[in-house]
Amino acid sequence: MKLNIVDRFIKELPADPILENSRRQVKNACFSYVTPKKTAQPQMLHVSNEMLSALGMSPEDGTSKAFLNVFTGNSILPNTKPYAMCYGGHQFGNWAGQLGDGRAINLAEVKHQQQHWVLQLKGAGETPYSRTADGLAVLRSSVREYLCSEAMYHLGVPTTRALSLALSGDDVMRDMLYDGNRAYEKGAIVSRASQSFLRFGNYQILASRQDNETLKTLVDYTIKHHYSQLGKPSKATYVQFFEAVVEHTLEMLIHWQRVGFVHGVMNTDNMSILGQTIDYGPYGWLEGYDPQWTPNTTDSQFKRYRYGAQLDIGLWNLYQLANALYPLIEEAEDLERILHAYHENAQAQYLDMMRSKLGLCTVKQKDKALIANLEEVLQLTETDMTIFFRNLSEFSLEEPLKGIPIIKDAFYIINEVSDVIKQKWNFWFKTYAERLQHEVLTSDERKTKMNQVNPKYVLRNYMAQLAIDDANKGDYKLIDELFNLLKQPYDEQPDHEKWFVKRPDWARHKAGCSMLSCSS
Ligand code: AMP
Ligand code: MG
C-alpha cells in the first residue's frame with residue numbers, strides 16, 4: 001500500500017504545542033496532534049473499491065493487513081502525523097464554545113490524479129476535544145454513515161466520502177434513546193475522505209476568541225487550496241469567498257430537498273466550508289412527504305432541523321459564518337447584500353429543482369402555484385415522496401384521470417384516501433396535464449429526464465436498520481447489497497425491486513427507523 005502523502009493542513013497552519021492527549025481549550029491553533037487508540041481485534045467489514053482507486057490504491061491493498069491496521073488506527077502511515085481539528089459551533093441555535101474533532105482523527109492528506117484527499121477515522125479514540133465523551137463510535141451509527149455518504153454521492157449530492165467500515169473489537173457503552181437504558185454495543189470505525197473537513201465552526205471558534213491572526217491564516221489557507229480561483233487574499237477576496245460558500249451551501253441544500261434527505265443536526269459545526277454533506281448522525285429520509293418531519297428525537301419538540309426548514313437554517317448558519325469572517329472584512333454591507341440575496345436565490349433554485357422533478361423544462365408564471373398546490377395535496381394523506389415522484393414519470397397528459405392509479409402505490413393508508421382527497425388530486429393532475437401541453441418534450445423524453453432527478457432507490461431509514469440488525473448478528477451481506485444497490489439510484493434494477501417499496505408497518509415507530517438520537 002503506497003499513498004502519495006502531501007500534507008498541507010499541518011504544514012501551513014498553526015499547531016497546538018501541547019502533545020499530551022488531555023481535554024483542554026486549545027488557543028491560537030487550528031489543530032492538535034493526537035494518536036489513534038489501538039483496538040482490541042479490528043475486523044474490516046467493507047471497503048469501497050471506488051475510493052481505493054480514487055486514492056491510488058488497489059483492491060488488493062484493501063484486503064491487506066496494512067490497510068486494516070491503518071484504517072482502524074492501529075498503525076500510522078510512514079511520515080504522517082495524525083491530528084484533530086479545533087472548531088466551535090452553534091448547536092440548536094446556541095453558541096456552544098469549543099467542540100472540535102472529539103472522535104475524528106485525520107490521518108494524512110493524499111494527492112492522487114490531481115485530487116487532494118484528507119483521510120479521517122471516525123471513532124478512533126479520545127482527543128483533546130472529546131469533552132466528556134469517549135471518542136468512540138458504535139456499529140449502528142458507523143453503518144449509517146458508511147452507507148449514506150456513498151449513497152448521497154451517487155445521487156449527485158455533494159458529500160464527504162467513505163472508504164472503509166471496520167469493527168474495532170471493543171465494546172462501547174451507549175444510552176441509545178437517552179432513556180437511562182445503557183448497554184454495550186459493538187465499537188466501529190469508519191474511514192472517510194474529503195478535500196477538506198473544515199466547517200463553519202473552525203472559523204467561528206477563532207473569531208469568538210478574537211484571534212484574528214489565526215483566523216486570517218486559516219481563511220487564506222482555505223482560499224489558497226479550496227477556492228483558488230478567487231486569487232490573492234484581500235478584503236474583496238474574503239467577500240467573494242463568503243459568496244462562494246453561500247452558493248455551495250445553497251446548492252447542497254437544494255439537493256437535500258430534491259432527494260428528501262433530512263440532515264437532522266444542522267449545527268454550524270456540521271456545515272462544511274466546501275458545501276458538502278458532512279456528519280451523518282441522526283439523519284433520515286422523508287417517506288411520507290411532510291415538511292414538519294425530523295428524524296432527530298433530540299429535536300422533536302421544536303423541530304428546528306425539520307425537512308421544510310433546512311433552507312432557512314442554512315441561511316441562519318451562513319449568518320454565523322458571516323459574523324466569524326467580519327473581523328477580516330470590517331464592513332458589513334457586502335456580507336449583508338449576499339445574505340439578503342439568499343432568500344430570493346433559494347426560492348428560485350428551489351422552484352427550478354421542483355420543475356425538474358415534474359419534468360418541466362420551460363419556465364411559466366403559474367409554476368409556483370402548481371408546485372405549492374402539489375405540496376399541499378401531497379400532505380392530505382401520508383404519501384411516499386420517493387415513490388410518488390418516480391411513478392409520476394408514467395403520467396400521460398392525455399389521460400389526467402389515470403394520475404391517481406399511477407401514483408397510488410405511494411399512499412400509505414389507502415382507506416384514508418377519501419373522495420375529497422381524490423378530487424383534489426384529480427384537479428392537480430388536470431392542471432399538471434395542461435401545464436405539460438406547453439412543453440416540447442415527448443412523453444418518453446420527459447420520463448427519461450424525470451428519472452434522472454427522481455431516484456428510484458434511496459437509503460430508507462428501515463433499510464439501514466435492517467443492515468445494522470444483521471451486522472450486529474455478524475452478517476454483513478446486506479451492507480454489501482445496499483452499498484451496491486445505491487450506486488445506481490436512478491436506474492431500474494429489476495432484481496432489487498423489493499427495495500422500491502414504502503416503509504413497512506413494523507418500521508413506523510421502531511428506533512432507528514423513524515426516530516434517532518444523537519447517541520452514536
Ligand atoms: P455531532 O453532533 O456528532 O456533530 O458532535 C458534536 C460534537 O461532539 C463534536 O465536537 C464531536 O466531535 C463531539 N462528539 C460526538 N460524539 C462523541 C464521542 N463519542 N466522543 C467524543 N466526542 C464526541
Ligand atoms: Mg459533528
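It should be emphasised that the depicted structure is a prediction, and the values quoted were computed from it without experimental measurement.

Trainee: Quick one: what's the story with the overall build of the protein, residue by residue and with numbers?
Mentor: Helices and strands together make up the secondary structure of the protein, namely 17 helices and twelve strands. Computed over the C-alpha atoms, the radius of gyration of the protein is 23 Å, within 12% of the 24 Å expected from 2.2 N^0.38 for a compact globule of 520 residues. The principal-axis extent of the C-alpha atoms belonging to the protein is close to 70 × 60 × 45 Å. Residues counted as buried form 58% of the 520 residues belonging to the protein. Taking contacts inside the protein between residues at least 6 apart in sequence as the whole, the part at least 24 apart equals 72%. Within the protein, one finds 57 positive and 62 negative side-chain charges whose respective centroids are separated by 2 Å.

Trainee: A description of the site of ligand 1 should follow, citing residues and the corresponding values.
Mentor: Surrounding ligand 1, one finds 17 residues, the nearest of these being Gly 100, Gly 102, Arg 131, Gly 135 and Asn 270. Contact distances for ligand 1 include 2.7 Å between an oxygen atom and a backbone N or O atom of Gly 102. A distance of 2.9 Å is found between an oxygen atom of ligand 1 and a side-chain nitrogen or oxygen belonging to Asn 270. Burial of ligand 1 by the protein chains amounts to 83% of its free accessible area of 480 Å². In this structure, the shell around ligand 1 is formed jointly by two domains, domain 1 (9-200) and domain 2 (210-356), each of which donates at least three residues.

Trainee: I'd like a rundown of the packing of helix H11 (residues 367-377) against helix H14 (residues 419-436), residues and numbers included.
Mentor: Put simply, H11 and H14 touch, their axes get as near as 10 Å, and they point 155 degrees apart. Classified by the angle between their axes, H11 and H14 sit roughly antiparallel to one another. In the crossing of H11 with H14, the sense of the turn from one axis to the other is left-handed. Facing Asp 367, Leu 370, Asn 373, Leu 374 and Val 377 of H11, the residues of H14 in contact are Lys 424, Trp 425, Trp 428, Thr 431, Tyr 432 and Arg 435.

Trainee: Would you mind going over the nonpolar core in detail, with residue names and values included?
Mentor: If you look at the biggest cluster of nonpolar residues, it comprises 161 residues, and the most contacted ones within it are Trp 425 and Tyr 432. Element by element, the count of residues in this core is highest for helix H8 (residues 235-259), at 13 residues. Setting aside its immediate chain neighbours within four residues, Trp 425 contacts Leu 374, Val 377, Leu 378, Phe 388, Ile 404, Ile 407 and Phe 411.

Trainee: Explain the coordination of the magnesium ion (ligand 2) residue by residue, including any values.
Mentor: Around the magnesium ion (ligand 2), the protein contributes the donor atoms Asn 270 (OD1) and Asp 279 (OD), which lie 1.8 to 2.2 Å from the metal centre. Side by side, Asn 270 and Asp 279 carry an identical accessibility label, which is buried.

Trainee: Describe in detail the domain arrangement of the protein, supporting the description with residues and values.
Mentor: With domains assigned, the protein is organised as domain 1 (9-200), domain 2 (210-356) and domain 3 (363-438). Each partner contributes residues to the interface: domain 1 has 37 residues there, and domain 2 has 46 residues. Where domain 1 abuts domain 2, roughly 3500 Å² becomes buried across the two surfaces, and 61% of that area is made up of carbon and sulfur atoms. Together, Phe 92, Leu 198 and Phe 200 form the three largest contributors to the area buried by domain 1 at its contact with domain 2, with a combined 25%. Our count for the domain 1 to domain 2 interface comes out at three salt bridges. In this structure, Arg 192 engages Asp 279 in a salt bridge whose closest nitrogen and oxygen atoms are separated by 3.3 Å. Linking domain 1 with domain 2 are 20 residue pairs in polar contact (both at pLDDT 80 or more). Taken together, the elements giving at least two residues each to the side of domain 1 that touches domain 2 come down to helix H1 (9-12), strand S4 (88-91), helix H5 (139-155) and strand S10 (183-194). In terms of residues, the side of domain 1 that touches domain 2 owes the most to one element, H5, which gives six residues. Partitioned by chemical class, the residues of the side of domain 1 that touches domain 2 number 17 nonpolar, 13 polar and seven charged.

Trainee: How would you sum up unusual backbone geometry? Please name residues and give values.
Mentor: The phi angle at Gln 113 is positive, at roughly 45 degrees, despite the residue not being glycine. Although it is not a glycine, Asp 279 adopts a positive phi angle of roughly 70 degrees. Locating Asp 279 in the fold gives a position in the loop between strand S11 (261-262) and strand S12 (284-285).

Trainee: Can you tell me about the pattern of salt bridges, naming the residues and giving the values?
Mentor: This model, assessed by the stated rule, comprises 35 salt bridges. For the salt bridge of Asp 220 with Lys 216, the shortest nitrogen-to-oxygen distance reads 2.7 Å. Of the two residues, Asp 220 and Lys 216 both sit in helix H7 (residues 212-226), four residues apart, roughly one turn of that helix. When its relative accessible area of 18% is taken as the criterion, Asp 220 is described as buried. Here Lys 216 falls in the partly exposed class, since its relative accessible area comes to 37%. Several salt bridges converge on common partners, so that one network encompasses Glu 287, Glu 382, Asp 384, Arg 460, Arg 503, Asp 505 and Arg 508.

Trainee: Run through the pairing of strand S9 (residues 161-174), naming residues and quoting values.
Mentor: Where burial is concerned, most of S9 is hidden: ten out of the 14 residues are buried. In this structure, strand S2 (residues 43-47) lies alongside S9, joined through four bridges in antiparallel fashion. Residue pairing in the sheet places His 46 in a bridge with Leu 165 of S9. The sheet contact formed by S9 and S10 spans ten bridges and is antiparallel. In the sheet register, Met 173 faces S10, and the bridge partner there is Tyr 184.

Trainee: Describe the side chain of Arg 144, listing the residues and the values that go with them.
Mentor: As for its position among the elements, Arg 144 is in helix H5. Buried charge without a partner: Arg 144 forms no salt bridge, and the closest opposite charge is Glu 145, 9.0 Å away. Among the polar contacts made by the side chain of Arg 144, one reaches the main-chain carbonyl oxygen of Gly 281 at a distance of 2.9 Å. Those residues within four positions of Arg 144 in sequence are excluded, and the remaining contacts are Gly 281, Pro 282, Tyr 283, Ala 464, Ile 468, Gly 512 and Leu 516.

How each quantity is defined
- Residues numbered from 1 in each chain as written.
- Chains lettered and ligands numbered in written order.
- Predicted model: local features only at pLDDT ≥ 70, side-chain atom pairs only at ≥ 80, totals over all residues.
- Heavy atoms only, no water.
- Helix = DSSP H or I, 4+ residues; strand = E, 2+ residues; numbered from the N terminus.
- Rg over C-alpha atoms; globule rule 2.2 N^0.38 Å.
- Buried < 20%, exposed > 50% of the residue type's maximum accessible area, 1.4 Å probe, protein only.
- Contact = heavy atoms within 4.5 Å.
- Lys, Arg positive; Asp, Glu negative; His and termini not counted.
- Charge placed at Lys NZ, Arg CZ, Asp CG, Glu CD.
- Near = heavy atom within 4 Å.
- Polar contact = N/O pair within 3.5 Å; in protein donor to acceptor, adjacent residues only side chain to side chain.
- Areas by Shrake-Rupley, 256 points an atom, 1.4 Å probe, with all protein chains shown as cover.
- Domains from an automatic or database assignment.
- Axes fitted to C-alpha atoms, helices over the stretch in contact; angles between N-to-C directions.
- Parallel < 35°, antiparallel > 145°, perpendicular 65-115°, else oblique.
- Left-handed = near helix turned anticlockwise from the far one by under 90°.
- Core = buried A, V, L, I, M, F, W, Y, C linked by side-chain atoms within 4.5 Å.
- Donors = N, O, S within 2.8 Å, 3.2 Å for Na, K, Ca; no water.
- Buried area = accessible area lost by both parts, 1.4 Å probe.
- Salt bridge = Lys/Arg side-chain N within 4 Å of Asp/Glu carboxyl O.
- Nonpolar A, V, L, I, M, F, W, Y, C, P; charged D, E, K, R; others polar.
- Pairing = 2+ DSSP bridges.

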